[in-house]
Amino acid sequence: MQLRVRALETVLTEKGYIDPAALDPIIEAYETKIGPHIGARAVAKAWSDPSFKRALLDDATKAVLTLGVVNRVGDHLIAVENTPKLHNMIVCTLCSCYPWEVLGLPPVWYKSSPYRSRAVNDPRGVLADFGVTLPADTKIRVWDSTAETRFIVLPMRPAGTEGWSEEKLASLVTRDSMIGTGLPKAPSEVL
Amino acid sequence: MDGVHDMGGMHGFGKVEPEANEPVFHSDWERRLYALYRAMSYTGVWTIDQSRFARERLPPDIYLASSYYKKWELGMEKQLAETGLAGPDELAAGHALRPGKTLKRKLTATEVPNTITRGSSTRPAKAPARFKPGDRVRTKNIHPATHTRLPRYARGRVGVVEALRGCHVFPDTVAIGKGEDPQWLYTVRFEGRELWGESAEPSLQVSIEAFEPYLEPA
């Protein structure tokens, strides 16, 4: 593949379609700037600031912009809230739609056939693959991202984090907890 | 199209296998390919739905056996050939054999920070929305041979409109060069048993994002 992609780059450059100098900044942005730390900040702020939480659930596109870490958010980012009675999970059964702006590029498993096929009819089985077991009376809601709307899960704030700073809270927020295939870390895991 | 990409509910793919401390890219060609795709998309020669449709049209055995970015690479080659932007002979030769076409714009390094998020797909509406939150709707039992975003598992099923998400570019037409034809978009929620029958967990709910032409009153 290395050779094939190099040929592609050469042809597109020689044809005048692309400027190779623009490629590295794109790669750098996704490897160093855009990632789950952005979503984690939004979640941590929602955990500590009730008015931000309302704003996030009301219009996540606008709310994430107020964090000042990204200069643009694609339209219709939607935050969905986990509660003791409801667990949300995000999937794209048709391709790989994922909230890039707040989580970065999706992991391989998110784009894989097992996840795309099973999330909608066996979410508890998928959770088991991640080592997560939910109480039997927690309802599961799966959001299939079949359009340009994008979803992020607002997980529940772990117990035992009273008085924590937003920064410290953000260290508990995992990528998977914002997709719905994981839970936030326990306070004991970061102390 | 009823292709292998439409995977919701299929059996036999096995366990989900998360990778601990997964890197953003797994090899240098993935990095380059991803950036090449973004740079080409910036020129305006294709839309996201045309790219999706190109990948969906890969032969099923190739689609299933290829890694994610390999699918992107194959889809991009297909699009370059179909649009006449670059031929398979040129990719095989590793050099341009003919002059390039003139494109609308070219991505430069300084412009990259403004382009790393998705473009907007919302458009002004031509007519009021037909449905409102709370309405019961049935998805149509359609099987177009072309691109659609109504997954097979959710066709001909009764659900409830949960939210109106604005008016968006219609993938079914834009993917085949028939224009944006903007349509209202809804979140439609189904009970698990409506989709999967008695074997579904009773409390499961699944929603899709459904364009208005996919829906009729129920």
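Coordinates for the structure precede this section.
Residues numbered from 1 in each chain as written. Chains lettered and ligands numbered in written order. Predicted model: local features only at pLDDT ≥ 70, side-chain atom pairs only at ≥ 80, totals over all residues. Heavy atoms only, no water.

**With respect to the overall build of chain B**
Rule in force here: Labels follow the DSSP assignment, with helices taken as runs of H or I lasting at least four residues and strands as runs of E lasting at least two, numbered in each case from the N terminus. Only protein chains enter the calculation, and the probe is 1.4 Å; a residue is then buried if its accessible area is under 20% of its type maximum, exposed if over 50%, and partly exposed in between. Note on contacts: a residue pair qualifies if any of its non-hydrogen atoms lie within 4.5 Å across the two residues. Note on areas: these come from Shrake-Rupley sampling with a 1.4 Å probe, and a residue is covered only by the protein chains present in the view. Just so you know, the count uses Lys and Arg for positive and Asp and Glu for negative, and it drops His and the chain ends. Charge positions come from single atoms, namely NZ of Lys, CZ of Arg, CG of Asp or CD of Glu.
Within chain B, the regular secondary structure consists of seven helices and five strands. Secondary structure elements of chain B occur, N-terminal to C-terminal, as α-α-α-α-α-β-β-α-β-α-β-β. Oriented by its inertia axes, the alpha-carbon framework of chain B measures out at about 55 × 45 × 35 Å. In chain B, which comprises 218 residues, the proportion classed as buried is 50%. Sequence separation of at least 24 residues holds for 65% of the intrachain contacts in chain B that already meet a minimum separation of 6. Total accessible area on chain B stands at roughly 9800 Å², and carbon and sulfur atoms take up 54% of it. Taken as two groups, the 31 positive and 28 negative side-chain charges of chain B have centres that lie 4 Å from each other.

**As for the interface of chain A and chain B**
Note the cut-off: Should a side-chain nitrogen of Lys or Arg be within 4 Å of a carboxyl oxygen of Asp or Glu, the pair is scored as a salt bridge. Pairs of N or O atoms are called polar contacts if they sit within 3.5 Å, as long as, within protein, a hydrogen donor faces a hydrogen acceptor (for residues adjacent in sequence, only side-chain-to-side-chain pairs). For this classification, the nonpolar set comprises Ala, Val, Leu, Ile, Met, Phe, Trp, Tyr, Cys and Pro, the charged set comprises Asp, Glu, Lys and Arg, and every other residue, Gly included, is treated as polar.
With 74 residues of chain A in contact, the opposing surface of chain B contributes 90 residues. The shortest N-O distance in the salt bridge between Glu73 of chain B and Arg4 of chain A comes to 3.5 Å. Our count for the contact surface shared by chain A and chain B stands at 36 residue pairs in polar contact (both at pLDDT 80 or more). Looking at the side of chain A that touches chain B residue by residue, the classes come out as 39 nonpolar, 15 polar and 20 charged.

**Concerning the nonpolar core**
For clarity, the threshold we go by: Only buried residues count toward a nonpolar core. Its members are Ala, Val, Leu, Ile, Met, Phe, Trp, Tyr and Cys residues joined through side-chain atoms within 4.5 Å.
Counting residues in hydrophobic clusters, the biggest one holds 110 residues, and the most contacted among them are Tyr115 of chain A together with Met76 of chain B. Per-element tally for this core: the top contributor is helix α1 (residues 28-42) of chain B, with nine residues.

**Re the environment of Pro18 of chain B**
As for its placement among the helices and strands, Pro18 of chain B is situated in the segment before α1. Considering only alpha carbons, one finds Pro18 of chain B and Tyr214 of chain B, 196 residues apart in sequence, at a separation of 34 Å. Excluding residues within four positions of it along the chain, Pro18 of chain B makes contact with Trp109, Asp129 and Phe130 of chain A.

On their own, these measurements won't tell you what the molecule is for.
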